[in-house]
Amino acid sequence: VASRVARRVARRRAMPATAASAADALTELELRVYDRQIRVWGVETQRRLGRASVLACAGATTTRATTTTRVGALAETLKNVALAGVGRAVIRDDAGERAEASRGEDGNFLNAASTRDDDADDVSVSRAEAMATTLREMNAFGEFEASTPNGRALADDAEALDGIEGFDAVVVAEMGLERAMRVNEACRRHGKPFFAAFSGASAAWFFADLGDAFEYAEGDEVKIAPRGATLRRALDAAEADFGRVKRRSPRMPLAVRVVAEFERAHGRAPTMEDWDALDALRVELPTRFGASADCVDAEHVRALVSGEREFPAINAIVGGVLAQEILKSISRKGAPCVNLFTFDVASGQGATYDLGGGETAR
C-alpha cells in the first residue's frame, strides 16, 4: 500500500497545475485510509486538510547558562497534523542542529535513526531533515520538507517572514518570547493563524492567535470567535487578569504571566538558579494591579520553569490539543481555543483561558 501511495504522490507532484486541481478529489485509497475521520468531519474537510500547508519552527530558548532547543511538543504536534492528512508541512529548525546531536536525548521521537538510509553518524543530516523523513513515512500522501535557516532565526529573517503568506497556519515551539511575538505579528500582517508552544519542568502551555474575526462552523451555525489578541497584546494586558482574580479563578495562567514577565525583563527564560528573583516577582507582580500578593502559587511557577529534561507525557497531551487547534484553524469546524491552553502534571488537568481577557473559556 505504501508504495502505491508513494507512486500516486509522485505522479501528482509532476502534474501541471490544472491537472493537479482536478486531482483534488480523494482517491479510493485516501478514502480508506481516512475513513474514520471522514465519518467525523466529512469529505470536504478532509480535502481542505489535504490542500493545506503548515510552517513549523523549532526555536531556541536562551537561559542564564546556555541556549537549548526542545522540540518534543512540536514533534507530537506535527505527528498528529500529519496523520490527520495535512498536505504539506515545512519544518524549520532555528538552531540548525544535526540529527545525531540530540537523538535519544530529548522528547523528539521524529528524530529517529531508523528513518535514515545513511550511517547514523553522518553529520550531513539535519534534525529537521530527520523529522521530515519520519513524517513522510507516517503520511505518504503529504509533502514534508526541511527548511534551512542559514544561520538566522525565523523572526530575524525578513524573506522567511514574508513567505508566511504561502502557509495556512504557523506554529512555533520553545522560541524566545520576543521572537515569537515578531513571528505572530508577521502572521497578523498576512492574515494567518499563529500558535506558540512552551514547556517547563512539569507543565506546558500554548498560545493561539486566529485574528480578529475568525469564522467557524458549529453544527449548522456559522459563528465568530471572540476577538483575538496577539501574544504581545495579551501579555501587555496583565491588568485584565490580575484585576479580576476571584477565589475560584484558575491560577496557572497567572503563573504563565510571571514567567513571561521575567523573560521580558531579563531577555532570557528563567531557570531554578533565578528562583529568588522569580519568587520575588511572583509576589510583587499581582500587587501592581491590586491583586493579593499570594494569588500566584509558587509550585505553578516552578512547574513552568525549564527542567533538565523534557516530559514526554506532557508533550503528548499538549501536542495533541495543539494539533487539534491547528486542524480547527484550517477546517474552520468547531469552537477554537481563545487563546491560552495550560496543562500541569500536579493537577493532571488542562484548561483554556482568555489571556488578557480575564475569562475562563473551558
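Rules behind the numbers
- Residues numbered from 1 in each chain as written.
- Predicted model: local features only at pLDDT ≥ 70, side-chain atom pairs only at ≥ 80, totals over all residues.
- Heavy atoms only, no water.
- Salt bridge = Lys/Arg side-chain N within 4 Å of Asp/Glu carboxyl O.
- Buried < 20%, exposed > 50% of the residue type's maximum accessible area, 1.4 Å probe, protein only.
- Helix = DSSP H or I, 4+ residues; strand = E, 2+ residues; numbered from the N terminus.
- Phe/Tyr/Trp six-rings, centres within 6.5 Å; stacked < 30°, edge-to-face > 60°.
- Axes fitted to C-alpha atoms, helices over the stretch in contact; angles between N-to-C directions.
- Parallel < 35°, antiparallel > 145°, perpendicular 65-115°, else oblique.
- Left-handed = near helix turned anticlockwise from the far one by under 90°.
- Contact = heavy atoms within 4.5 Å.
- Nonpolar A, V, L, I, M, F, W, Y, C, P; charged D, E, K, R; others polar.
- Polar contact = N/O pair within 3.5 Å; in protein donor to acceptor, adjacent residues only side chain to side chain.
- Patch = residues over 30% accessible without salt bridge, like charges linked within 9 Å, V, L, I, M, F, W, Y side chains within 5 Å.
- Areas by Shrake-Rupley, 256 points an atom, 1.4 Å probe, with all protein chains shown as cover.
- Expected span 1.5 Å × (residues − 1).
- Pairing = 2+ DSSP bridges.

For the coordinates displayed, the defined rule picks out 27 salt bridges. In this structure, aspartate 157 engages arginine 152 in a salt bridge whose closest nitrogen and oxygen atoms are separated by 3.7 Å. For aspartate 157, a relative accessible area of 6% gives the class buried. Residue classification places arginine 152 among the partly exposed residues on the basis of a relative accessible area of 38%. The shortest N-O distance in the salt bridge between glutamate 178 and arginine 182 comes to 3.9 Å. Remark: arginine 182 and glutamate 178 occur in helix 10 (residues 177–190); sequence separation between them is four residues, near one turn of the helix. Accessibility expressed as a relative area gives 28% for arginine 182, which makes it partly exposed.

This part takes up the packing of aromatic side chains. Taken as a whole, this structure holds four aromatic pairs when the rule is applied. Ring centres of tyrosine 34 and phenylalanine 141 lie 5.6 Å apart, and the angle between their planes is 45°; on these two criteria the pair is classed as tilted. Taken together, the positions of tyrosine 34 in the loop between helix 3 (28–33) and helix 4 (35–41) and phenylalanine 141 in the loop between helix 8 (127–138) and strand 5 (143–147) put the pair 107 residues apart, joining distant regions of the chain. Per residue, the accessibility class of tyrosine 34 equals that of phenylalanine 141, and both read buried. For the pair phenylalanine 198 and tryptophan 205, a centre-to-centre distance of 4.4 Å together with 25° between the ring planes defines the contact as stacked.

Leaving glycine out, the prevailing phi sign among residues is negative, and the prevailing peptide bond configuration is trans. In this chain, valine 338 is followed by asparagine 339 through a cis amide linkage whose omega measures -10°. One can find asparagine 339 in the loop between helix 16 (312–331) and strand 11 (340–344). A positive phi angle, close to 55°, is found at glutamate 174, a residue other than glycine. Since its relative accessible area comes to 5%, glutamate 174 is described here as buried. Its identity as a non-glycine residue notwithstanding, arginine 332 has a phi of 60°, on the positive side. Note on placement: arginine 332 falls in the loop between helix 16 and strand 11. Under the relative-accessibility criterion, arginine 332 is labelled partly exposed at 37%.

Turning to the packing of helix 13 (residues 252–266) against helix 14 (residues 275–287), a few remarks are in order. Helix packing for two helices is described by the angle between their axes and how far apart those axes are. Taken N-terminus to C-terminus, the directions of helix 13 and helix 14 make an angle of 120°; their axes are 10 Å apart at the nearest point. Considering the angle they form, helix 13 stands oblique to helix 14. Here the hand of the crossing between helix 13 and helix 14 comes out right-handed. Residues Arg257, Val258, Glu261 and Phe262 of helix 13 form the contact with helix 14, whose own contacting residues are Ala277, Leu278, Leu281, Arg282 and Leu285. Of the residues contributing to the contact of helix 13 with helix 14, the split by class is six nonpolar, no polar and three charged.

Here the focus is the packing of helix 6 (residues 72–84) against helix 8. The geometry of helix 6 relative to helix 8 is characterised by a closest axis approach of 9 Å and an angle of 35° between their N-to-C directions. Seen from above, helix 6 lies across helix 8 with right-handed handedness. In this structure, helix 6 uses Leu78, Lys79, Ala82 and Leu83 to contact helix 8, whose residues at the interface are Met131, Leu135 and Met138. Class assignment of the residues belonging to the contact of helix 6 with helix 8 gives a composition of six nonpolar, no polar and one charged.

With respect to the helices and strands, aspartate 241 occurs in helix 12 (residues 238–242). At 3.2 Å, the side chain of aspartate 241 forms a polar contact with the side chain of tyrosine 353.

A cluster of nonpolar side chains, namely Leu83, Phe109 and Met138, defines an oily patch on the protein surface of about 240 Å² accessible area. Its relative accessible area of 43% is what places leucine 83 among the partly exposed residues.

Next up on the list: the environment of threonine 77. Tracing the chain through its elements places threonine 77 in helix 6. C-alpha separation for the pair threonine 77 and glycine 320, spaced 243 residues apart in sequence, amounts to 6.0 Å. If we skip the residues at most four places from it in the chain, threonine 77 touches Gly319, Leu322, Ala323 and Ile326.

With respect to the helices, strands and loops of the structure, phenylalanine 341 is situated in strand 11. Separated by 19 residues in sequence, phenylalanine 341 and leucine 322 place their C-alpha atoms 8.6 Å apart. With residues up to four places along the chain from it excluded, the contact list for phenylalanine 341 reads Ala204, Trp205, Phe206, Val318, Val321, Gly350, Ala351 and Thr352.

Once that is clear, we can look at helix 6. Its 13 residues give helix 6 an end-to-end C-alpha distance of 19 Å, which sits within 8% of 18 Å, the value for a rise of 1.5 Å per residue. The buried fraction of helix 6 is high, at 10 of 13 residues. Listing the buried residues of helix 6 in full gives Gly72, Ala73, Leu74, Ala75, Glu76, Thr77, Leu78, Val81, Ala82 and Ala84.

For the rest of this paragraph, the subject is the pairing of strand 12 (residues 349–354). Consecutive side chains of a regular strand alternate in pointing toward one face of the sheet and then the other. Two strands pair when backbone bridges link them, and strand 11 and strand 12 are joined in this way by five bridges, in the antiparallel orientation. Following the sheet pairing, threonine 342 is matched in strand 12 by alanine 351. Here strand 11 folds back onto strand 12 in antiparallel fashion, the turn holding four residues, of which glycine 348 has a positive phi close to 70°.

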